[in-house]
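Chain by chain, the residues run as shown.
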Amino acid sequence: MVQNGMGWMIVDSLDTMMIMNLTSQVRHARQWISTSLHHNQDHDVSTFETTIRVLGGLLSAHYLSTKYPTLAPIADADVGAASEDLYIEKATDLADRLLGAFETPSGIPYSSVNLNKSEGLRSHSDGGAASTAEATSVQLEFKYLAKLIGEPEYWRVVEKVMALADAQKPQDGLVPIYINAESGKFQGDNIRLGSRGDSYYEYLIKQYLQTSKQEPVYKEMWDESMQGIRKHLLAFSKNAKLLVLGERPSGLAGALSPKVDHLVCFMPGTIALGATGGEPLATARKSADWSQQREEEILISRELMKTCWATYLQTPTGLAPEITHFVLDDNPVMMADKYPDPKSASEAGSSPHELKGISLPLSPQEDGSEPWREDLEIHRGDRHNLQRPETVESLFYMYRVTGDEIYREWGWEMFKSFVRHTAVVEDVSATDDSTATRRVKSFTSLGNANTVPAEKRDNMESFWMAETLKYFYLLFSDRDFISLEEHVFNTEAHPLPRFALTGELKTGWQRKASQ
């Protein structure tokens, strides 16, 4: 995409190779980064994608090289004179160039940036607005870099974006999916947790955890958004009572759309992470601040996880489409209508445990019927599968938090479906004239996951190796390996360590009082 390349595949998958102990591949990747990776191309790139994939990948590689040196060798003959600080040097150079995107009238970054000139570029679409998720999902990376090299400017620049977003007092913590870089104001009414909205919410709770729970402002914002989601976006499907996280394309006063992007399936795991802080559920329940609200969040995460699993079960390939539409009642039954707020429920003496098992099983009933299948619809333009990570990401979190083996079982079925339907194989001639064998060359996205044989595309996204395969691997690893208690994963699955606030690296803003 850029002359001389930016190593998207190499850098984005580097920490996956480290985690999987693929030391020879790591050496080759490190050699390429040392000799061939440059960020001075006279070309515009996505501010967000470059931050989460390349900057995040380099920072995670630097961290893992220090934390797990046997998995990530940094000194060998192939590398030559490359220093131990190679990854951080490359990351710092890239970050300095990305800072040009934040030089806007408001401080909200432009969607694109020319790396050679360090110059931000206004979006050519969406009325010049930036994606809310993209503008508010670069904080983990820049904050960790600020901590590493002691440069508070990285911190201040990305923190200002959060202050600007919160200053507009979004109703019930839910934000429109566009924000204008010139004015700093939200644009339009569309509210969703799919594309352009998703990682805004993810980075609220993860910023709180990244700085060791020392920035309560982000926890407050997360809790408000959770209550808004509960009130406005969670509904029950018509037949099987699956919990559906829908959209409000015309704002909170408009109708609920039962459209669910695969991207939304990051939420079950993120909700469980927010409820326990990454601790095992049994441990978290013993803490002094455990509440009915947190208990309900665990139950919501379980129900949403089941809904995401249903999107895989619905297709002949066992792989989810990009988008699934759900059938709701004519007047959708909202969660907030059927179940009281956990705070008021506590006062009334009722229990959120009533939510357990609200949906019907995803299996044939005694009469052979499968009512849940009637609740899912796949439109023609939504049948493709891009090997996205969000569902297995949530399975990873759900297993680490709850310890429930069902999430590993679902993950294993998903993995087998990916191997069965997305692997690109070639015949390999045997040296002894015996029958030729077949080996996997690569994996590919699907143009249609709703038919067998699946319709293959000649394309593999970097997040397949950076995220999907990594989360599959970690789902079956020991829970102490890259533990949730000590790490946060950025939205591209690059693990970063938690750390404490020090010196100038602290919350530099306060929430404005409600009018």
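Residues numbered from 1 in each chain as written. Predicted model: local features only at pLDDT ≥ 70, side-chain atom pairs only at ≥ 80, totals over all residues. Heavy atoms only, no water.

Selection rule: UniProt positions are given in the numbering used here, feature names are shortened, and annotations may be inferred rather than shown by experiment.
Per an unreviewed UniProt entry, the recorded name for the protein is alpha-1,2-Mannosidase, and the organism is Penicillium capsulatum. The Cofactor (unreviewed entry) field of the UniProt record for the protein holds the comment "Ca(2+)". Checking UniProt for the protein, the heading Pathway (unreviewed entry) contains the comment "Protein modification; protein glycosylation."

1. Some words on the UniProt feature "binding site: Ca(2+)" (unreviewed entry) in the protein
Rules: Strands are runs of DSSP state E lasting at least 2 residues, helices are runs of H or I lasting at least 4, and numbering of each runs from the N terminus. The contact definition used throughout considers only heavy atoms, calling two residues in contact when any of these lie within 4.5 Å. Pairs of N or O atoms are called polar contacts if they sit within 3.5 Å, as long as, within protein, a hydrogen donor faces a hydrogen acceptor (for residues adjacent in sequence, only side-chain-to-side-chain pairs).
Under the local residue numbering, the UniProt record ascribes the feature "binding site: Ca(2+)" (unreviewed entry) to Thr491. Mapped onto the secondary structure, Thr491 falls in the loop between strand S17 (487-489) and strand S18 (495-497). Excluding residues that lie within four positions of it along the chain, Thr491 makes contacts with Phe48, Ile52, Ser199, Glu202, Tyr203 and Glu467. At a separation of 2.8 Å, a polar atom in the side chain of Thr491 contacts the side chain of Glu202.

2. A short note on the side chain of Ser445
Operational definition: The buried label goes to any residue with under 20% of its type's maximum accessible area, the exposed label to any with over 50%, and the partly exposed label to all in between, with areas taken from a 1.4 Å probe on protein chains only.
As for its placement among the helices and strands, Ser445 is situated in the loop between strand S14 (437-443) and strand S15 (446-448). Looking at Ser445, the relative accessible area reads 0%, which means it is buried. Of note is the side chain of Ser445, whose polar atom sits 3.4 Å from the side chain of Gln387. Once residues lying within four places of it in the same chain are set aside, the contact partners of Ser445 are Asn385, Leu386, Gln387, Lys456, Arg457 and Asn459.

3. Observations concerning the sheet that holds strand S8 (residues 243-245)
Cut-off, in case you're wondering: Only strands that DSSP links by at least two bridges are regarded as paired with each other. All axes here are fitted lines through C-alpha atoms, helices being fitted over the stretch that makes contact, and every angle between N-to-C directions spans 0 to 180 degrees.
The strand order S8-S7-S11 describes an open sheet built from 3 strands, whose pairing is antiparallel. Across the chains shown, the open sheet's two edge strands, defined by having one partner strand only, are S8 and strand S11 (328-334). Neighbour to neighbour, the strand axes of the sheet diverge by 45° on average, direction disregarded. Here strand S7 (residues 234-237) runs beside S8; their pairing, made up of 3 bridges, is antiparallel. Note that in S8 the partner of Ala235 across the bridge is Val244. Along the sheet, helix H9 (residues 216-232) makes contact with S7, S8 and S11, crossing S7 at roughly 35°.

4. Examining the state of the cysteines
Cut-off, in case you're wondering: Put simply, a disulfide is two cysteine sulfurs that come within 2.5 Å.
For the coordinates displayed, the defined rule picks out 1 disulfide. Residue pairing for Cys265: its cysteine sulfur links by disulfide to Cys308, the two sulfurs lying 2.1 Å apart. Between Cys265 and Cys308 the sulfur-sulfur dihedral comes to about -100°; the bridge is accordingly left-handed. In this pair, Cys265 is assigned in the loop between strand S9 (259-261) and helix H10 (267-276) and Cys308 in helix H12 (residues 292-313), connecting sequence segments 43 residues apart. Residue Cys308 is classed as buried on the basis of its relative accessible area, which comes to 6%.

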